[in-house]
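Coordinates in review
Given next are the chains, with one letter for each unit.
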Amino acid sequence: MEKLKVAIRYGADAVYLGGKSFGLRNLADNFDVPELAEAVEYAHRHGVKVYLTVNAFPDNAEIDALERYLGEIAEIPCDAYIAADPGVVALLRELYPQRDIHLSTQANTTNWRSAKFWQSQGVTRVNLAREMSLDDIRETSGRCEVELEAFVHGAMCISYSGRCLISSALTGRDANKGECTQPCRWNYAIVEESRPGEFFPIMEDDSGSFIFNSKDLCLIEHLPELVQSGVASLKIEGRMKGIYYAASVIRVYRAALDSYWQDPVGYRVRPEWLEELSKVSHRGYTTGFLLGKPRDLDHEYLSRYVRSYEFVAIVEGDAPGGGTLLAVRNRLLLGDTLELIGQGCSFSTFTLTAMRNEEGLPLQEAHPNQKVIVAGLGGAGRFDLVRREKAAQVAS
Ligand code: SF4
């Protein structure tokens, strides 16, 4: 719920979220039915649409449970369901003919004939496969009436948009049921079949060999082409990410898109947008398939997450006796140099010279889950975030 509120605060026009079943991303903190109702009410109150994911691929034994689950969420006034499996699409059409259906990227729509097919099945929006080029998107848009949606930022799969069995094969956790353990990011070796237990390292370099590991998608520099291609919606991946990631990425794309619509001809990519995106955890950035087939440079050979800043606190609001109340998420120390971010793309820097707990006692340091009051953050509002620079980090 907090992430949903942050997404809305930082400029999302719509959010997609999952219930407890059949929505993929089962590891994310999904919503139970009362929470779904609350989430939709909150989003609608802020003029934001809500799309509810039902995009798992159920097997026969799960169909009855799926129908029961759809019955449980029937009264939730979401703006569309997101589905991937043709059977689920048909079931949704049958049960809720008045509701929009968006086709998940998981259905791997890679050409205009597929998009037209889904249009004929009553789907109102197709979230295209990440494997489509800009030319393919343009042509698809020109040949179909169905709305198109494209991912612009986030993790890439090495398989077709998550239709992948590596996790299922290696760990028993099925990506198509929302349980991917991301083995495409792991380090692999060769074993000769008559020498079990002897691992021959494949050394691309000193780090090993990360043969399935893609960089993350980032299309901030190509928003005008995407908008002009006829795409109706730009999607940011983030259900498994933290609130700092969601806020940082959304606010950059919000600023870029607003800037484009204010002056399409004079639009320029601003350096601060790129700088801001470099401050969230990522594996290096790629344009993926947008400008043609990915090459070696689009692969991340180090399994390296780059993270130059860490999220340390979220603003809860004004403290009753003066100052700003922060909910601490990472250790805070007096003397820290911190940055405060909010809506828009700016940030302000400040030094933490004093803080006290809610009882008014002065503190030298604060720990996760503690609430502290700090002075000097005049103008900071609910859901503004505090971050701290850290040394470049390399982690597997
Ligand atoms: S293992 Fe990697 S490629 Fe496969 S579904 Fe998971 S993230 Fe995608």
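Please read all numbers here as calculations on a predicted model, not as lab measurements.

**A short note on the site of the ligand**
- Within the structure, the ligand sits among nine residues, and Cys-157, Ile-158, Cys-164, Cys-180 and Cys-184 are positioned closest to it.
- Looking at the shell around the ligand residue by residue, the classes come out as seven nonpolar, two polar and no charged.

**Points about the domain arrangement of the protein**
- Here the domain parsing of the protein yields domain 1 (2-160 + 217-276) and domain 2 (309-389).
- Just the C-alpha atoms count here: the centres of domain 1 and domain 2 sit 33 Å apart.
- The interface is formed by 15 residues belonging to domain 1 together with 17 residues belonging to domain 2.
- When domain 1 packs against domain 2, the two sides together hide about 1400 Å² of surface, and 57% of this comes from carbon and sulfur.
- Across the domain 1-domain 2 interface, the total number found is three salt bridges.

**So, the packing of aromatic side chains**
- This structure, assessed with the given rule, holds seven aromatic pairs.
- Measuring from ring centre to ring centre gives 5.2 Å for Tyr-188 and Phe-212, while their planes differ by 70 degrees; the resulting arrangement is edge-to-face. Separated by 24 residues along the polypeptide, Tyr-188 in the loop between helix 7 (166-171) and strand 7 (189-190) and Phe-212 in the loop between strand 8 (200-201) and strand 9 (216-218) bring together distant segments of the chain.
- A relative accessible area of 18% places Tyr-188 in the buried class.
- Accessibility expressed as a relative area gives 28% for Phe-212, which makes it partly exposed.
- When the centroid spacing of 5.2 Å and the interplanar angle of 70 degrees are considered together, the rings of Tyr-260 and Trp-261 count as edge-to-face.
- Under the relative-accessibility criterion, Tyr-260 is labelled buried at 5%.
- On the accessibility criterion, Trp-261 (54% relative accessible area) is exposed.
- The cationic tip of Arg-130 hangs over the ring face of Phe-151; the distance from NZ or CZ to the ring centre is 3.8 Å.
- Directly above the aromatic system of Phe-383 lies the positively charged group of Arg-382, at a separation of 4.1 Å from the ring centroid.

**Details of the packing of helix 1 (residues 2-9) against helix 9 (residues 243-262)**
- Two elements in contact, helix 1 and helix 9, have axes separated by 9 Å at closest approach and are oriented at 15 degrees. As judged from the angle between their axes, helix 1 and helix 9 are roughly parallel. The element helix 1 and its partner helix 9 pack so that their crossing is right-handed. Between helix 1 and helix 9, the residues in contact are Glu-2, Lys-3, Val-6 and Ala-7 and Ile-243, Ala-246, Ala-247 and Ile-250, respectively.
- In terms of residue class, the contact of helix 1 with helix 9 is built from six nonpolar, no polar and two charged.

**Describing the environment of Gly-178**
- When you line up the elements, Gly-178 lands in the loop between helix 7 and strand 7.
- Through-space distance from the C-alpha of Gly-178 to that of Val-123 is 22 Å; in sequence the pair is 55 residues apart.

**Quick look at the packing of helix 1 against helix 2 (residues 33-45)**
- As a packed pair, helix 1 and helix 2 sit with axes 11 Å apart at the nearest point and diverge in direction by 10 degrees. Between helix 1 and helix 2, the interaxial angle falls into the category roughly parallel. Crossing of helix 1 against helix 2: the hand is right-handed. Only Ala-39, Tyr-42 and Ala-43 of helix 2 make contact with helix 1, whose side of the interface consists of Leu-4, Lys-5 and Ile-8.
- Along the lines of polarity and charge, the residues of the contact of helix 1 with helix 2 split into five nonpolar, no polar and one charged.

Rules and cut-offs
Residues numbered from 1 in each chain as written. Predicted model: local features only at pLDDT ≥ 70, side-chain atom pairs only at ≥ 80, totals over all residues. Heavy atoms only, no water. Near = heavy atom within 4 Å. Nonpolar A, V, L, I, M, F, W, Y, C, P; charged D, E, K, R; others polar. Domains from an automatic or database assignment. Contact = heavy atoms within 4.5 Å. Buried area = accessible area lost by both parts, 1.4 Å probe. Salt bridge = Lys/Arg side-chain N within 4 Å of Asp/Glu carboxyl O. Phe/Tyr/Trp six-rings, centres within 6.5 Å; stacked < 30°, edge-to-face > 60°. Helix = DSSP H or I, 4+ residues; strand = E, 2+ residues; numbered from the N terminus. Buried < 20%, exposed > 50% of the residue type's maximum accessible area, 1.4 Å probe, protein only. Lys NZ or Arg CZ within 6 Å of the ring centre and 35° of its normal. Axes fitted to C-alpha atoms, helices over the stretch in contact; angles between N-to-C directions. Parallel < 35°, antiparallel > 145°, perpendicular 65-115°, else oblique. Left-handed = near helix turned anticlockwise from the far one by under 90°.

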